[in-house]
Amino acid sequence: MKILISDSFSKDLEEKLKELGEVTTDKNELANADVVLVRSATKATKEYIDQAPNLKLIIRGGVGIDNIDVEYCKEKNISVNNTPEASSVAVAELAIAMMLGIRRDLVKAHNATKSGEWIKKQLKGRELYKKTLGLIGIGRIGQEVAKRAKAFEMNVIAYDPYVKESEIKLVELDELLKSSDFISLHTPLTDETRGMVNKDLIAKMKDGAILINTARGKLLNEQDVYDALQSGKLGFAGLDVYQSEPPEGSPLLKADNVLLAPHIGASTHENMDRIGEIVIKQIKEFQK
Ligand code: NAD
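Reference entry: report on the structure contained in this document. Bear in mind that the values here come from a model prediction, so they are computed numbers and not experimental data.

## Structural notes on the pattern of salt bridges
All told, the structure shown has 15 salt bridges when counted by the stated rule. Two residues, Lys18 and Glu15, come together in a salt bridge whose shortest N-O distance is 3.3 Å. The exposure class of Lys18 is partly exposed, given its relative accessible area of 43%. Residue Glu15 is classed as exposed on the basis of its relative accessible area, which comes to 54%. Note that Lys233 is salt-bridged to Asp207, the shortest N-O span being 2.7 Å. Of this pair, Lys233 sits in the loop between α9 (222–231) and β11 (234–239) while Asp207 sits in the loop between α8 (199–203) and β10 (209–213), and the two are 26 residues apart along the sequence. Connected through shared salt-bridge partners, Lys2, Glu22 and Glu29 make up one network.

As structure tokens, this is what we get:
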């Protein structure tokens, strides 16, 4: 069995997988691969899959499988797996880090201090304590964010039309939008959620609300978010994901009131190790 590691996984995964088959990181070996391991960089489109006549299994190390043409895989009898349970803590910690970093102006504080400026008087932050956090989507990651936000004594509410019961207070979307100081997105990218954060939805938010998106870039209309950041309707945005990645030409790159990360939500050493363990287990299962 030939296993192609097409994107970046934990350092020791290649070595560990050698017990299960022939392992390569050479993308030119796609034509001979039985199993391909991808994260988000590789796009397993119809054209990609057509180049892999032996392919039987694609494993996406991560949650969303929107970079894989799942329908075409079904047609071709190729199994598609992911590791949805692994990344929740890593992404949740990034969402919380963004909220804290934004409210204490940490990027500005760091840059100024490092360049010899002492801007102590200009930097009056705000606390998370007693603020309302609205979670759109209360699945695995949303729940981990909620747990951590509660430790900061935030008032946590959530909107999720597919969850009927939760320890988190569930509210209608309009109520969440009008009462949240922070809105954090944790839904998958679906036909229903694509572009959901547009000017109409933003208009229903509290003035100066802070938007956090560690889910998928295509949930946002980037121009509408930019306009709202410029007008002050949105106070700040913390973004890990973009319409296209890297976000070349995105209006959001021009905004001052943004904290931007290069899609690193899942990128912790601990998560890479967890993903590696799950990948090994899934390949073993597949070989049975
Ligand atoms: P999940 O499937 O456990 O939870 C998603 C939740 O969204 C579900 O409870 C679902 O009912 C809800 N939902 C679906 N449609 C909705 C809608 N229209 N409105 C409100 N809620 C809706 O998924 P998860 O593991 O929590 O992942 C959430 C998101 O995070 C996904 O988009 C995933 O791709 C993304 N993600 C990003 C990174 C990163 O590196 N930044 C890493 C992992 C996952």
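## Regarding helix α6 (residues 140–151)
An ideal rise of 1.5 Å per residue puts 16 Å on twelve residues; α6 measures up with 18 Å between its terminal C-alpha atoms. Within the sequence span of α6, burial applies to Ile141, Gly142, Glu144, Val145, Ala146 and Ala149. For α6, the secondary structure elements touched by its buried residues are α4 (88–103), β6 (132–136) and β7 (155–159). Just past α6, the residue Glu153 takes up positive phi, approximately 60 degrees.

## Things to note about the packing of aromatic side chains
Counted according to the given criterion, the structure contains zero aromatic pairs. The ring of Tyr226 carries the charged tip of Lys254 above its face, separated from the ring centre by 5.5 Å.

## Brief notes about the nonpolar core
Membership of the largest hydrophobic core comes to 31 residues, with the highest contact counts inside it found for Leu185, Val197, Met205, Leu211, Val225 and Leu234. Those elements giving two or more residues to this core turn out to be β7, α7 (173–179), β9 (182–185), α8, β10, α9 and β11. The element that contributes the greatest number of residues to this core is α9, accounting for four residues. Setting aside anything within four residues of it in sequence, one finds Met205 in contact with Leu177, Ile183, Val197, Leu211, Lys233 and Leu234. If you look at the next biggest cluster of nonpolar residues, it comprises 26 residues, including Met98, Ala149, Ala158 and Phe182.

## Thoughts on the site of the ligand
Residues in contact with the ligand amount to 26 residues; listed here are only the nearest, Arg140, Ile141, Asp160, Thr187 and Thr214. Here an oxygen atom of the ligand and a backbone polar atom of Ile141 are 2.8 Å apart. Taking Ala266, its main chain carries an N or O atom lying 3.2 Å from an oxygen atom of the ligand. Burial of the ligand by the surrounding chains reaches 89%, relative to a free accessible area of 870 Å². When the residues that make up the shell around the ligand are grouped by side-chain class, the tally is twelve nonpolar, nine polar and five charged.

Cut-off values and rules
Residue numbering note: each chain is counted from 1, following its sequence as written. Where local features are concerned, this predicted model is filtered to residues with pLDDT of at least 70; where side-chain atom pairs are given and counted, the filter is 80 or more; whole-chain, interface and lining totals use all residues. Only hydrogens and water are set aside when side-chain values are computed; all heavy atoms of the structure are taken into account. Whenever Lys or Arg places a side-chain nitrogen within 4 Å of a carboxyl oxygen from Asp or Glu, that contact is recorded as a salt bridge. Remark: exposure states derive from per-residue accessible area (1.4 Å probe, protein chains only) relative to the maximum for the residue type, with buried under 20%, exposed over 50%, and partly exposed in between. Secondary structure elements are taken from DSSP: a helix is a run of H or I of four residues or more, a strand is a run of E of two residues or more, and numbering for both begins at the N terminus. A helix is expected to span 1.5 Å multiplied by its residue count minus one. The contact criterion used throughout is that any non-hydrogen atoms of two residues lie within 4.5 Å. When two rings of Phe, Tyr or Trp (its six-membered ring) have centres within 6.5 Å they constitute a pair, described as stacked for plane angles under 30 degrees, edge-to-face for angles over 60, and tilted for the intermediate range. Criterion for a charge above a ring: Arg CZ or Lys NZ at most 6 Å from the ring centre, at most 35 degrees from the ring normal. Residues grouped as a nonpolar core are buried Ala, Val, Leu, Ile, Met, Phe, Trp, Tyr and Cys residues, joined through side-chain atoms within 4.5 Å. For this purpose, a residue is taken to be near a molecule or strand whenever a single non-hydrogen atom of the residue falls within 4 Å of it. Two N or O atoms form a polar contact when they lie within 3.5 Å of each other; inside protein one atom must be a possible hydrogen donor and the other a possible acceptor, and for residues adjacent in sequence the pair counts only when both atoms belong to side chains. Note that accessible areas follow from Shrake-Rupley with a 1.4 Å probe, and for residues the cover is restricted to the protein chains shown. All residues other than Ala, Val, Leu, Ile, Met, Phe, Trp, Tyr, Cys, Pro, Asp, Glu, Lys and Arg, Gly among them, are scored as polar; the first ten of these are nonpolar and the last four charged.

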